[in-house]
Amino acid sequence: MSTLSRRAVLQAGGALVISIAVASTLPPAVTDAEAAASALPPLPDPSQLDAWLAVLPDGSVQAFYGKMDMGHGIEVAIAQIVADELDVDLDRVSIVMGDTARTPNQGGASGSTGIATGAKPLRNAAAEARRLLVEAASRELGVPATRLAVSQGVVSVSGEQARAVSYAALIGGRKFNAPVEWNKAVGNFMDVKVTAKPKARSAYRIVGQSLPRRDVEGKVFGTRDFITDLRVPGMLHARMIRPPKAGHVVGSVDVAALTAKYPQVQVVREKDFVAVVAPREWTAVKAARDLKISWMRDTAQPAWPGHDGLHAWIRKAPVIKRDEPLKKGDVDAAFRTAARIVEAEYEWPLQSHACIGPACAVADVRADRATVWTGSQKPHSVRDGMAKLLGLPVDAVHAIWVMGPGSYGRNDAGDAAMDAAWLSKRLGKPVRVQGMRHDGTAWDPKGPACVLRSRAALDAQGNVLAWDFLARGLSRTDVSFNEADPRDTLAGQALGLALSPAPNFGIPSESYGFASKRHAWEAVAPLQTRYSPLRTSHLRDPVGPEVHFGSEQAIDELAHAVGQDPVAFRLKHLADPRDLAVVKAAADRCGWAPRMKSPVRAAGKSAVLTGRGIAFASRAGTVVAVVVEVEVTPATGRVWAKRVTVAHDCGLVVNPRGLVQTIEGNVMHGLSRTLFEEVQFDADTVRSVDWASYPILDIQDAPESVDVVLLDSAQGESTGAGEPTIRVVPAALANAIFDATGVRLRRAPFTPAHVKAALQSRTRKA
Amino acid sequence: MGIVHFTLDGKAVFAEADDDQPLLYLLRDELGLNNPHFGCGLAQCGACTVHLDGAPLRSCVVPASIAEGKSITTIRGLGTPEHPHPVQQAWADEQVPQCGYCVNGWIMTAAALLRENPKASDAELRAGLAGLKCRCGTHLSILRAIKRAQARMA
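Residue indices begin from 1 for each chain and proceed along its sequence in written order. Naming scheme: in the order in which they are written, chains are lettered from A and ligands are numbered from 1. Reporting of local features is limited, given that this is a predicted model, to residues whose pLDDT is at least 70; pairs of side-chain atoms are given and counted only at 80 or more, and all residues count toward the totals for whole chains, interfaces and linings.

Some thoughts on the overall build of chain A
1) Next: Broken down by element type, chain A carries 22 helices and 28 strands.
2) Next: For chain A, the spread of C-alpha atoms along the three principal axes comes to 80 × 75 × 45 Å.
3) Next: By residue count, 57% of the 766 residues in chain A fall in the buried class.
4) Next: Within chain A, contacts between residues separated by at least 24 positions form 80% of all contacts whose residues are at least 6 apart in sequence. Under the scheme used here, helices are H or I runs from DSSP no shorter than 4 residues and strands are E runs no shorter than 2 residues, and both carry numbers assigned from the N terminus. Counting other C-beta atoms within 10 Å of a residue's own tells you its class, since 20 or more makes it buried, 12 or fewer makes it exposed, and anything in between is partly exposed; those C-beta atoms are placed from the backbone. By the convention adopted here, residues make contact when the C-beta atoms placed from their backbones lie within 7 Å.

Below, the structure written as structure tokens:
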């Protein structure tokens, strides 16, 4: 056994090892930690122009963006917008994002609003800054503003290039001290009104170009620090210990046995909050594995129905809240007079975020202030939640977002931040918390399972008189979509705070011109009323893929029932030109050939069956149609989405290449969720704990091509992208499988076993 | 516990590791490397991939002692912004990243795959990369990048 201390070994390694260690243990975190030790500046005031942008002494521009680039390349898109509005070169604009001390609370990454609403105040602020700078130049040069032009951050007299003054000279390094009219909204809809009028889109030079993203080099050469890579001096490593079974609480913890084996390990236990903490990460990993806890079952908690029994359970579970957001005409009367009723039920499973790495956070909590580094896509919410958990004022908590291992809604990142905060408070040292794979997959908030019921009343001629649609499922906000309230986090719940479930679900976002419609949702009681790995919350396009899996299959079933082509049926019942345009564009691009009846083929006669399906929906002003062309292999049950065509209209496109790749990612995520993903669990244990038990789309199952057609008809507004696409992928896939096989798959996921069984069942009946 | 001596990105290093400590934790925690990444600890995702004497290895499940006397290459040793490996350059040209956490596994695996089979077909590429995970859905960009790298290396 070596007698050298670990540090001595590293030092003995000579300059070489030291240089490696030093180079990578001095990430920005260290300087941030030093900054954290000094008093925090006042929070940015959205009613001041200076909260939104600054001109530095060299004339370069910083824009303060209260959302983040979670990997879509939105950073450069925001810079394009600011640069165009200010008439500076793109490389002179940098974006500060996700830092609560430096950015207004625009709600973090949320609801595909990064550009749609997130860029608005920055565009307005940049226009206002330009106006003020031109005014200042007018005074400086003694020339009316109308005779001035701006190029590359220099204001000059038209026709007299020599008479000029730069932004740097006018204001570089100083504040504008100018008000803007904040609309008082906090979050996604925060905006400011200004005197200046932003440019007409015909004047854009940089917006609309596929300019390179800014995060590539760091990610490709391994030089960028992720949240998992931060090291703060003196920090300890922690692993959280969760109950292995549903509704179990901590009985006794054998601290003595653990510390006898690992003298450097501390166990922190408070009610059901249990963690092991060690100076070295590997020691913490082993200690977490070896800690012996006697768990006690809370007999008040009912057994879970298991994933196979979940939908039967949802059908019978008590409804906590019902809403009918869409009522048009007299639906019940239509059903009384109907010549024919077409109805079906669809089932969507519980799904996991299953981010590529389990969550990680570092917190440094002092007596009167705290700093947290988090991968949460809502750092302002983490700040607010931490302030409540720690009993500190909001402006004494500094949350700094650092890119984490993916995030598609309310994943496990914010929970890790709260865990780290509580441990740092208890131990008086900076603490880094990271989960193991099972913590991430088993315990991240889940996308809610649901049952969708569609009923349509038809007259004798096959006209649709009424459409009655009900989505009934676990709440999309059993825990909130952010971490602003400790009751919605694992730390708060383990520490004994009462849960605060909010019943909520959703309905289809469609515009079919049927005479009568009723779209309702019902949220049922949660599976467990304490600290639960099956808590449900927002997962990419919350309840969008779920609801439209039912509604857009239902439309296909109606088309089939009346003997119409699915594209023709949609075109017949849509009226808005934008809706019609995306459906036509998707059909045209993929070479859709109308056929009145899907071919009903005898499964087994052909090794591979092919078909295509379409689905359409809108989301917050964006309209999208997707056509999926599939190959189904009856012998194995394998479904391959071979070609995917997307027609997408989100209005003004800032960076076409970034948009196409964002859409592509949503297609892949949609295919993955529809083909493979289901949280497996039994009466008291989650069985989906890793990539073997929670499989996702593999590259072998990736399509041959995803072809994206970008339309732009929103008259200058950008309406948001990303999530609009994922919501139509599941039904397009199901509709394609029906086209290929004649078998309607009404329950996701379409795993080979499910598909094979469904095809064999049809063959037996035939 | 013992001291492991090896070559890391072309330079001789040594560090002390527990007998059961995976290579990943030695690289990250004892030597301060920020790539590779912990994704699963089960060799199921590839985010921790390094090259051991040129062959891709999932460092999260092998003991650190496996590196004794060997050469370990990480993504930082594969290439730099000044001297990029063709696969890294292709990743940049194709603008692949979403979150980027998995990039390490794909690039390290693809670089080794192309060395073994520079003219790999689409099917061979997919088979050779099977099992690597990307949650953001950059699969098609990844395939485009590797094909671009193939063209560059041809």
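Looking at the overall build of chain B
1) Next: Counting its regular elements, chain B contains six helices and five strands.
2) Next: Beginning at the N terminus, the succession of helices and strands in chain B can be written as β-β-α-β-β-β-α-α-α-α-α.
3) Next: Values of the radius of gyration come from C-alpha atoms, whereas the globule rule sets the reference at 2.2 Å times the count of residues to the power 0.38. The globule rule puts the C-alpha radius of gyration for 154 residues at 15 Å, and the 15 Å found for chain B is close to it.
4) Next: The principal-axis extent of the C-alpha atoms belonging to chain B is close to 45 × 30 × 25 Å.
5) Next: Looking at the 154 residues of chain B, the share that counts as buried comes to 60%.
6) Next: When contacts within chain B are restricted to residue pairs at least 6 apart in sequence, long-range pairs at least 24 apart make up 59% of them.

A closer look at the interface of chain A and chain B
1) Next: At the junction of the two partners, chain A supplies 57 residues and chain B supplies 59 residues.
2) Next: At the level of elements, helix 1 (6-12), helix 2 (14-25), helix 7 (216-220), helix 9 (281-290) and helix 19 (656-675) of chain A are the ones that each hand at least two residues to the side of chain A that touches chain B.
3) Next: The element that contributes the greatest number of residues to the side of chain A that touches chain B is helix 19 of chain A, accounting for seven residues.
4) Next: Residues belonging to the side of chain A that touches chain B are distributed by class as follows: 29 nonpolar, 14 polar and 14 charged. Only Asp, Glu, Lys and Arg are considered charged in this grouping, and only Ala, Val, Leu, Ile, Met, Phe, Trp, Tyr, Cys and Pro are considered nonpolar; every other residue, Gly among them, is considered polar.

Thoughts on the sheet that holds strand 20 (residues 431-434) of chain A
Residues and elements named next belong to chain A.
1) Next: Any two strands with at least two DSSP-identified bridges between them are counted as paired. Spatial strand order, 11-12-9-20-17-18-19: seven strands in an open sheet with mixed pairing. Both edges of this open sheet fall to strand 11 (266-270) and strand 19 (397-401), since each of them pairs with a single strand only. Pairs of neighbouring strands in the sheet enclose a mean axial angle of 20 degrees, with direction left out of account.
2) Next: Bridge count between strand 17 (residues 360-365) and strand 18 (residues 370-374): five bridges; the pairing is antiparallel. Within strand 18, the position partnered with Ala363 by the bridge is Val372.
3) Next: Strands in contact with helix 13 (residues 413-427) are strand 9 (236-241), strand 11, strand 12 (273-278), strand 17, strand 18 and strand 20; relative to strand 17, the strand with the most contacts, it is inclined by about 30 degrees. For helices, the fitted line uses only the C-alpha atoms of the stretch in contact; every axis is such a line through C-alpha atoms, and the angle between N-to-C directions lies from 0 to 180 degrees.

Details of the pairing of strand 4 (residues 55-58) of chain B
Residues and elements named next belong to chain B.
1) Next: Pairing of strand 3 (residues 49-52) with strand 4, which is carried by four bridges, proceeds in the antiparallel orientation. Bridge assignment links Val50 to a residue of strand 4, and that residue is Leu57.
2) Next: Linking two consecutive strands that pair antiparallel, namely strand 3 and strand 4, is a turn of two residues; a positive phi of about 50 degrees is found at Asp53 within it.

What about the confidence of the model for chain B?
1) Next: Averaged over all residues, the pLDDT of chain B is 97; the fraction at 70 or higher stands at 100%.
2) Next: Overall fold confidence for the complex sits at a pTM of 0.95, while the interface term, ipTM, reaches 0.98. Each residue carries a pLDDT score, the predictor's own confidence in it, on a scale running from 0 to 100.

Some details on the sheet that holds strand 1 (residues 53-55) of chain A
All names here are of chain A.
1) Next: Read from one edge to the other, the open sheet built from three strands follows the order 1-2-3, with strand pairing classed as mixed. Both edges of this open sheet fall to strand 1 and strand 3 (93-97), since each of them pairs with a single strand only. Going from strand to strand, the sheet's axes swing by 20 degrees on average, the running direction of each strand aside.
2) Next: Pairing analysis gives three bridges linking strand 1 to strand 2 (residues 61-65), with the strands arranged antiparallel. Within strand 2, the residue paired with Val55 across the bridge is Val61.
3) Next: Helix 4 (residues 74-86) rests against strand 1, strand 2 and strand 3 of the sheet, and its axis sits at about 130 degrees to strand 3.

Things to note about the nonpolar core
1) Next: Any set of buried Ala, Val, Leu, Ile, Met, Phe, Trp, Tyr and Cys residues joined through C-beta atoms within 7 Å is what this text calls a nonpolar core. One finds Val82(A), Ala361(A), Ala421(A), Val626(A) and Ile737(A) to be the most contacted residues of the largest nonpolar core, which totals 272 residues.
2) Next: If we ignore the near neighbours within four places in the chain, the residues touching Val82(A) are Leu53(A), Val61(A), Ala63(A), Val93(A), Leu122(A) and Ala126(A).

Focus on the pairing of strand 3 of chain B
1) Next: Taken together, the two bridges between strand 3 of chain B and strand 5 (residues 71-73) of chain B define a ladder with antiparallel strand orientation. Each residue of the ladder has a partner; that of His51(B), found in strand 5 of chain B, is Thr73(B).

Concerning helix 4 of chain A
Residues and elements named next belong to chain A.
1) Next: How far a helix is expected to stretch is found by multiplying one less than its residue total by 1.5 Å. With 13 residues, helix 4 extends 18 Å between its outermost C-alpha atoms, agreeing within 8% with the 18 Å of an ideal straight helix rising 1.5 Å per residue.
2) Next: Most of helix 4 is tucked away: 12 of the 13 residues are buried.
3) Next: If you check which residues of helix 4 are buried, you get Ile74, Val76, Ala77, Ile78, Ala79, Gln80, Ile81, Val82, Ala83, Asp84, Glu85 and Leu86.
4) Next: Structurally, helix 4 contributes buried residues whose contacts are with strand 1, strand 2, strand 3, helix 5 (120-141) and helix 19.
5) Next: One or two residues past the end of helix 4 sits Asp87, with phi positive at roughly 60 degrees.

Digging into unusual backbone geometry
The phi torsion of most residues other than glycine is negative, and most of the peptide bonds are trans.
1) Next: Here the amide bond leading from Ala748(A) into Pro749(A) is cis, since omega sits at 0 degrees, within 30 degrees of zero.
2) Next: Along the chain, Pro749(A) falls in the loop between helix 21 (729-741) and helix 22 (752-765).
3) Next: Positioned with a positive phi, Asp541(A) is a non-glycine residue whose angle comes to about 55 degrees.
4) Next: Its location among the elements puts Asp541(A) in the loop between strand 24 (516-524) and helix 16 (544-561).
5) Next: Positioned with a positive phi, Asp9(B) is a non-glycine residue whose angle comes to about 50 degrees.
6) Next: In this fold, Asp9(B) is placed in the loop between strand 1 (2-8) and strand 2 (11-17).

Quick look at the packing of helix 3 (residues 86-93) of chain B against helix 4 (residues 103-116) of chain B
When two helices pack together, their arrangement is given by the angle between the helix axes and by the axis-to-axis distance.
All names here are of chain B.
1) Next: Packing of helix 3 against helix 4 leaves a shortest axis separation of 9 Å and a crossing angle of 130 degrees. It follows from the interaxial angle that helix 3 and helix 4 lie oblique. Note on packing geometry: the crossing formed by helix 3 with helix 4 is right-handed. Along its contact with helix 3, which presents Val87, Gln88 and Trp91, the element helix 4 presents Val103, Ile107, Ala110, Ala111 and Leu114.
2) Next: For the contact of helix 3 with helix 4, the class distribution of residues is seven nonpolar, one polar and no charged. The labels follow the angle: roughly parallel below 35 degrees, roughly antiparallel above 145, roughly perpendicular from 65 to 115, and oblique for the rest. Should the near helix be turned anticlockwise from the far one by less than a right angle, the crossing is termed left-handed; should it be turned clockwise, right-handed.

Description of helix 5 of chain A
1) Next: Under the 1.5 Å per step criterion, the end-to-end length of helix 5 of chain A is 31 Å for 22 residues, consistent within 8% with the ideal 32 Å.
2) Next: A positive backbone phi angle near 65 degrees is found at Gly142(A), which sits one or two residues after helix 5 of chain A.

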